[in-house]
Amino acid sequence: MTPQIRPATRADAAAVGAFLHAHMNGKIAPEVFARILDYGWEGAPGHRGMLAQADGAIVGYHGSVGSARWIDGLARPCGSFSSLYVHKSARGHNLGEEMMRALVGMTNVTYTVFNPSSRVQDLLERCGFVDLDDTRYVFFGQDAAGPVQISRDPGILARLIDRRILEDHVGMPVDPVVLSDRDGEAACILSAPARTAGGSAVELLHVSDPAGLARMIAAAAPLLLGHDRDLRLHADARYFDGHDPGGRHTPLPYRRMIRPAAAALPLWRVDHLYSETLLLDLKLG
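Residues numbered from 1 in each chain as written. Predicted model: local features only at pLDDT ≥ 70, side-chain atom pairs only at ≥ 80, totals over all residues. Heavy atoms only, no water.

**Structural notes on unusual backbone geometry**
In step 1: Not every positive phi belongs to a glycine, and Y274 is a case in point at roughly 50 degrees.
In step 2: Relative to the elements of secondary structure, Y274 occurs in the loop between strand 13 (248-259) and helix 8 (276-279).
In step 3: Note on Y274: relative accessible area 3%, which makes it buried.
In step 4: The phi dihedral of D281 is positive, around 55 degrees, even though this residue is not glycine. (Helix = DSSP H or I, 4+ residues; strand = E, 2+ residues; numbered from the N terminus. Buried < 20%, exposed > 50% of the residue type's maximum accessible area, 1.4 Å probe, protein only.)

This is the structure in structure tokens:
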């Protein structure tokens, strides 16, 4: 029977989790994989990726973690691509590309993929993806701290970051922080420290004000990293929206790719929240 493709829903979470555990990566438990579909926020668009079935059995899945970003009072739909897998028995039907094209056919959605494997990059390009970022800034804990203060006060955070973002990421490995100096405030959300190829790193996931962040981030890094000589802070270049934050400027080890919506978002607003990386507690790289 020719496999049929349909939108996945939250009700498919357990079955997809079992499928990906059995066939894609046995090191990730089924209930962990299920998080790609079984998250609690109200995402947009109204699906959890695309599912391929044959004779009632799952033979392929292409995840997309949906979210709505509220900008100037308007909900802007986003989708962060996650696991793409087609069972060996169903290969040869071009299911991977069909599932991806079904997703990117929704032209009002901003789609991203942050560390695609080399084998799918040509497919992403055929489906309209382009590079989002190719460099990042790196800051170190042993640098000299400047006249910047940091706070995790919930009231200040709620004033600078949409409360929905804060609520949606409760319990995830994130650290919302406010930086302030005599010229103002900027909020950001950082990842928990994780091992990378070059050592331990904290990743910048979200920012409220690119100019304010650029002004303060180098001085704040020792406070954020605790003067740990083995820990670094990574920040993709787009988060600064053209402002120079200082620090080292290095190539990214993975491509960051985007299929912009018809009404494109400012690139600094395209962040690493609402993603497979956080749901599965993976490193960003």
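**Regarding the environment of T110**
In step 1: Position of T110 among the secondary structure elements: in strand 5 (residues 110-113).
In step 2: When its relative accessible area of 4% is taken as the criterion, T110 is described as buried.
In step 3: Spatially, the C-alpha atom of T110 lies 9.8 Å from that of G66, the residues being 44 residues apart in sequence.
In step 4: Residues contacting T110, with those up to four places away along its chain left out, are P77, C78, G79, I258, R259, A261 and L265. (Contact = heavy atoms within 4.5 Å.)

**Here we look at the packing of aromatic side chains**
In step 1: Enumeration over the complete set of coordinates arrives at six aromatic pairs.
In step 2: When the centroid spacing of 5.2 Å and the interplanar angle of 50 degrees are considered together, the rings of F81 and Y111 count as tilted. Here F81, found in strand 4 (residues 74-86), pairs with Y111, found in strand 5; they are 30 residues apart in sequence, far enough to count as distant.
In step 3: Residues Y137 and F240 carry aromatic rings whose centres are separated by 5.3 Å and whose planes lie at 85 degrees to one another, so their mutual orientation is edge-to-face. In this pair, Y137 sits in strand 6 (residues 130-140) while F240 sits in the loop between strand 12 (231-236) and strand 13, placing the two residues 103 residues apart along the sequence. (Phe/Tyr/Trp six-rings, centres within 6.5 Å; stacked < 30°, edge-to-face > 60°.)

**Observations concerning helix 3 (residues 95-104)**
In step 1: Within helix 3, seven of the 10 residues are buried, leaving the element largely enclosed by the surrounding structure.
In step 2: Within helix 3 the residues assigned to the buried category are L95, G96, E97, M99, M100, L103 and V104.

**Thoughts on the nonpolar core**
In step 1: With 32 residues, the main nonpolar core has L20, I36 and Y61 as its most contacted residues.
In step 2: Elements represented by at least two residues in this core include exactly helix 1 (13-23), helix 2 (30-33), strand 3 (57-71), strand 8 (174-181), strand 9 (184-191) and helix 8.
In step 3: V202, V207, A214 and M216 belong to the second largest nonpolar core, which has 27 residues in total. (Core = buried A, V, L, I, M, F, W, Y, C linked by side-chain atoms within 4.5 Å.)

**Overview of helix 4 (residues 118-126)**
Every α-helical turn comprises 3.6 residues, leaving residues that sit three or four positions apart pointing alike.
In step 1: Among the residues of helix 4, those classed as buried are V120, Q121, L123 and L124.
In step 2: Looking at the buried side of helix 4, the elements it contacts are strand 4, helix 3, strand 5 and strand 13.
In step 3: Phi turns positive one or two residues past the end of helix 4, at G128, with a value near 95 degrees.

**Quick word on the pairing of strand 11 (residues 199-207)**
In step 1: Taken across its nine residues, strand 11 has nine buried, putting it largely inside the fold.
In step 2: Inspection of the sheet shows strand 9 paired to strand 11 by three bridges, in the antiparallel sense. Note that in strand 11 the partner of I189 across the bridge is H206.
In step 3: Alignment of strand 10 (residues 194-196) against strand 11, held across three bridges, turns out to be antiparallel. Bridge assignment links T196 to a residue of strand 11, and that residue is G199.
In step 4: Where strand 11 meets strand 12, four bridges bridge the pair, whose relative direction is parallel. Across the sheet, the residue bridging to V202 is L233, located in strand 12.
In step 5: Taken together, strand 11, helix 7 (residues 210-225) and strand 12 constitute a β-α-β crossover, and its handedness is right-handed. (Pairing = 2+ DSSP bridges. Right-handed = clockwise from strand over helix to strand, strands pointing away.)

**Points about the packing of helix 3 against helix 4**
In step 1: Look at helix 3 against helix 4: their axes get within 10 Å of each other, and the N-to-C directions meet at 40 degrees. Taken together, the axes of helix 3 and helix 4 are oblique relative to one another. As helix 3 runs across helix 4, the sense of the crossing is right-handed. The residues of helix 4 that touch helix 3, namely those facing G96, E97, M100 and R101, are L123, L124 and R126.
In step 2: When grouped by side-chain class, the residues that make up the contact of helix 3 with helix 4 number three nonpolar, one polar and three charged. (Axes fitted to C-alpha atoms, helices over the stretch in contact; angles between N-to-C directions. Parallel < 35°, antiparallel > 145°, perpendicular 65-115°, else oblique. Left-handed = near helix turned anticlockwise from the far one by under 90°. Nonpolar A, V, L, I, M, F, W, Y, C, P; charged D, E, K, R; others polar.)

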